[in-house]
Amino acid sequence: MRIATWNVNSLKARLEKVEWWLERAAPDVLLIQETKLTDAEAPVMAFTMAGYDLVHHGEGRWNGVGIALRKGTPVDGIVTNFGDGPVRDSGPGATTAFAEEDFNPFDEARMLSFVAHGIRFVSL
C-alpha cells in the first residue's frame with residue numbers, strides 16, 4: 001500500500017498539481033493538510049474523476065484537512081476535530097467576527113481520521 005502526505009497550502013491553488021501528481025504517483029491514500037477550504041468547497045468531483053474518494057474537514061481559513069483514497073474503499077469511524085465537537089464557522093460568509101485572541105487550536109479544522117483497510121489514518 002502506498003500512503004502519501006502533502007501540505008498543499010491551498011488545495012484550490014494547487015488542485016491542478018495535485019491531479020497531475022495523483023496520476024503520476026498513484027498512491028492508495030493521500031493525507032492532505034492546509035486545504036484552506038470549507039467542506040462545501042472541497043473538490044470532490046476532481047478527486048472522483050481521478051479515481052479517488054475525498055473525505056474533507058475544513059472551515060475555509062488557514063486550516064482544513066482531507067484524506068483521499070482509492071474509489072470505493074469503505075471507511076468507518078470518521079473522527080474530526082479530535083472528537084470534541086464541531087469547529088466554528090469562520091469561512092466565507094460567516095456572520096461571527098473573531099479576534100485573534102479568540103482562536104483556540106482545538107476549535108480549528110486541523111484533524112480528520114477514519115479506518116480503512118483495517119488501518120486508522122489520521123491527517124493533521
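If you're wondering where the values come from, they're calculated on a predicted model, not measured in any experiment.

Cut-offs used in this document
Residues numbered from 1 in each chain as written. Predicted model: local features only at pLDDT ≥ 70, side-chain atom pairs only at ≥ 80, totals over all residues. Heavy atoms only, no water. Pairing = 2+ DSSP bridges. Helix = DSSP H or I, 4+ residues; strand = E, 2+ residues; numbered from the N terminus. Axes fitted to C-alpha atoms, helices over the stretch in contact; angles between N-to-C directions. Core = buried A, V, L, I, M, F, W, Y, C linked by side-chain atoms within 4.5 Å. Buried < 20%, exposed > 50% of the residue type's maximum accessible area, 1.4 Å probe, protein only. Contact = heavy atoms within 4.5 Å. Salt bridge = Lys/Arg side-chain N within 4 Å of Asp/Glu carboxyl O.

Considerations on the sheet that holds strand 3 (residues 52-57)
Consideration 1: Strand order across the open sheet formed by 4 strands is 1-2-4-3, with mixed pairing between neighbours. Two strands close off the open sheet at either side, each with one partner strand: strand 1 (3-7) and strand 3. Adjacent strand axes in the sheet meet at a mean angle of 15°, parallel and antiparallel pairs treated alike.
Consideration 2: As paired elements, strand 3 and strand 4 (residues 65-70) share 6 bridges and run antiparallel to each other.

Looking at the nonpolar core
Consideration 1: The biggest cluster of nonpolar side chains holds 15 residues, and the ones touching the most others in it are L11, V18, L30 and F47.
Consideration 2: For this core, the secondary-structure elements that each account for two or more residues are helix 1 (11-25), strand 2 (29-33), helix 2 (44-49) and strand 3.
Consideration 3: Considering every element that reaches this core, the biggest residue donor is helix 1, with 4 residues.
Consideration 4: What F47 contacts, discounting residues up to four positions off in sequence, is L11, L15, V18, L22, I32, Y52, L54 and A68.
Consideration 5: Counting 10 residues, the second largest nonpolar core, distinct from the first, contains L31, V65, I67 and F121.

Re the pattern of salt bridges
Close approach of charged atoms allows side chains with opposite charge to pair.
Consideration 1: For the structure on display, the rule yields 2 salt bridges.
Consideration 2: A salt bridge links D28 to R70; its shortest N-O distance comes to 3.8 Å. Pair noted here: D28 is in the loop between helix 1 and strand 2 and R70 is in strand 4, with a separation of 42 residues, a long-range link.
Consideration 3: When its relative accessible area of 26% is taken as the criterion, D28 is described as partly exposed.
Consideration 4: A salt bridge links K71 to D53; its shortest N-O distance comes to 3.1 Å. Of this pair, K71 sits in the loop between strand 4 and strand 5 (76-80) while D53 sits in strand 3, and the two are 18 residues apart along the sequence.
Consideration 5: Given the relative accessible area of 47%, K71 is considered partly exposed.

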